[in-house]
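# Geometric and topological summary
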Amino acid sequence: MPEKILIIGSSGQIGTELVISLRKIYGNDNVIASDIRPSSKEVMNSGPFEELDIMNEKLLRKIVQHYKINQVYLLAALLSATAEKNIALGWELNMRSHSHVLDLAKDGLIKKIFWPSSIAVFGPTTPKNNTPQYTIMEPNTVYGITKLAGERWNEYYFNNFGVDVRSLRYPGLIGWKGSPGGGTTDYAVDIFHQAIKHRKFESFLSENTKLPMMYMSDAIRATIQLMRAPKKQVKIRSSYNLAGISFTPKEISKEISKHIPKFEVSYNSDFRQKIADSWPCSINDEHAQNDWNWELKYDLKKLTADMIKNLKNI
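Residues numbered from 1 in each chain as written. Predicted model: local features only at pLDDT ≥ 70, side-chain atom pairs only at ≥ 80, totals over all residues. Heavy atoms only, no water.

### Some points on the overall build of the protein chain
Put simply, the test is: Only runs of H or I of at least four residues qualify as helices and only runs of E of at least two qualify as strands under DSSP, and these elements are numbered from the N terminus. Just to be clear, the radius of gyration here is over C-alpha atoms, and the globule rule we use is 2.2 Å times residues to the power 0.38. Here's how the labels work: a residue is buried when its accessible area is under 20% of the maximum for its type, exposed when over 50%, partly exposed in between, all with a 1.4 Å probe on protein chains only. Throughout, a contact is declared for two residues whenever any of their heavy atoms are within 4.5 Å. Throughout, the Shrake-Rupley method with a 1.4 Å probe supplies accessible areas, and for residues the shown protein chains are the sole cover considered. As used throughout, the charge tally considers Lys and Arg to be positive and Asp and Glu to be negative, leaving His and the chain termini uncounted. Each charge is placed at NZ for Lys, CZ for Arg, CG for Asp and CD for Glu.
Helix and strand counts for the protein chain stand at 12 helices and 14 strands. Relative to the 2.2 N^0.38 estimate, which gives 20 Å for 314 residues, the radius of gyration of the protein chain is 19 Å and therefore close to what a compact globule would have. With the C-alpha coordinates aligned to their principal axes, the bounding extent of the protein chain is approximately 55 × 45 × 40 Å. With 314 residues in all, the protein chain has 55% of them scored as buried. In the protein chain, the proportion of contacts linking residues at least 24 apart, taken out of those at least 6 apart, comes to 79%. Accessible surface, the protein chain: about 13800 Å² in total, of which carbon and sulfur atoms supply 49%. Side-chain charges of the protein chain comprise 41 positive and 33 negative groups, with the mean position of each set lying 4 Å from the other.

### A few points about the sheet that holds strand β4 (residues 71–74)
Basically, it comes down to this: Paired strands, as defined in this entry, are two strands with at least two bridges between them according to DSSP. Fitted lines through C-alpha atoms serve as axes, helices being fitted only where they are in contact, and the angles separating the N-to-C directions of these axes extend from 0 to 180 degrees.
Strand order in this open sheet of 6 strands is β3-β2-β1-β4-β5-β7, and the pairing throughout is parallel. The outermost strands of the open sheet, each flanked by one partner alone, are β3 (49–51) and β7 (164–166). Recorded for the sheet is a direction-independent mean angle of 20 degrees between the axes of neighbouring strands. For strand β5 (residues 112–114) and β7, the ladder comprises 3 bridges, and the chain directions are parallel. Its bridge partner being in β7, Ile113 is matched across the sheet by Val165. Running over the sheet, helix α1 (residues 13–26) touches β1 (5–8), β2 (31–35) and β4 and is turned about 165 degrees from β2. Sheet contacts for helix α3 (residues 57–67): β1, β2 and β3; angle to β1, the most-contacted strand, approximately 155 degrees.

### Side note on unusual backbone geometry
The phi torsion of most residues other than glycine is negative, and most of the peptide bonds are trans. Although it is not a glycine, Lys68 sits at a positive phi angle of roughly 55 degrees. Judged by relative accessible area, which is 57%, Lys68 ranks as exposed. Of note in this structure, Asn293 is not a glycine but carries a positive phi near 65 degrees. Its place among the elements puts Asn293 in the loop between α11 (286–292) and α12 (300–312).

### Observations regarding the packing of aromatic side chains
Quick reminder of the rule: Whether two aromatic rings pair depends on their centres lying within 6.5 Å, for rings of Phe, Tyr and Trp, where Trp uses its six-membered ring; planes under 30 degrees apart make the pair stacked, over 60 edge-to-face, and the rest tilted. Criterion for a charge above a ring: Lys NZ or Arg CZ within 6 Å of the ring centre, and within 35 degrees of the ring normal.
Tallied over the full model, the rule gives 11 aromatic pairs. Taken together, a centroid distance of 5.8 Å and an interplanar angle of 40 degrees make the contact between Tyr73 and Phe114 tilted. Pair noted here: Tyr73 is in strand β4 and Phe114 is in strand β5, with a separation of 41 residues, a long-range link. Centroid distance Trp153 to Tyr156: 5.6 Å. Interplanar angle 85 degrees. Geometry classified as edge-to-face. Here Trp153 pairs with Tyr156, and both are found in helix α6 (residues 142–161), just 3 residues apart, close to one helical turn. A connected cluster of aromatic rings, assembled from ring pairs, spans Trp153, Tyr156, Tyr157 and Phe161. Note that Lys106 overlies the ring of Phe161, its terminal NZ or CZ placed 5.4 Å from the centroid. In this structure, Arg272 is placed above the aromatic ring of Phe204, and the distance from its NZ or CZ to the ring centre is 3.5 Å.

Put into structure tokens, the structure is as follows:
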């Protein structure tokens, strides 16, 4: 039986690239994109698309049954900065979408789930440097609270119902194909756009705010690698730490300036600074390395060069 995959949230920053990558592996017709709004032209023109509000459980089940879906990647969520502005929607969307998909697996309609967690599960009491897989987790944002609750539900459904759910704690993600989605780390995407268009950028985080980041190519590769790993190798069912690279706005600005010499950066911290200050500076992902052979490819230098090259060609 061929893999039939449903991507929920295909119009977002991750979904835009994940759909295309999975279609290259499994075939265009076997990867169904879905979102509440249309996806990129590349996604829309290369394979099936379904308009889906993930809160509509009946429509979700109808789509899963119609296409005989056996894998779901649930990417729909309200991210950190956006969720702080709309608490009720952040909680409802992030939690209800997750329970809908977990119940599909519990009821035997699908076999495997990918659900993304985040470094937002950590909080101000978490060790900031080389944050371990197992540590204090006391998030103080709506987004972080929903992700921590989601991790606990992942493990519960795996232990009690045998649901094959897999997850990564994404650091901040940087890609050139999709637009920023309202996250605190999104400055590291917007800074490239502003550097190329205007030669200047105002950061909403202070110059020395160090956060874990990852190039989208690495994040997509890690996601697919985890989902294709043999079941016995997936030993953590809450969510795996994923480290990426850690840098500050000042450090990435300096790297961009090597390609765009007249680039100017100013700093004007807003409410997102408090969110960033509650998160780790660097992550330990040795469990991902040991369990399913994860290995990072893009450092800050390679990431910056590739982002600028691709954005200039758009």
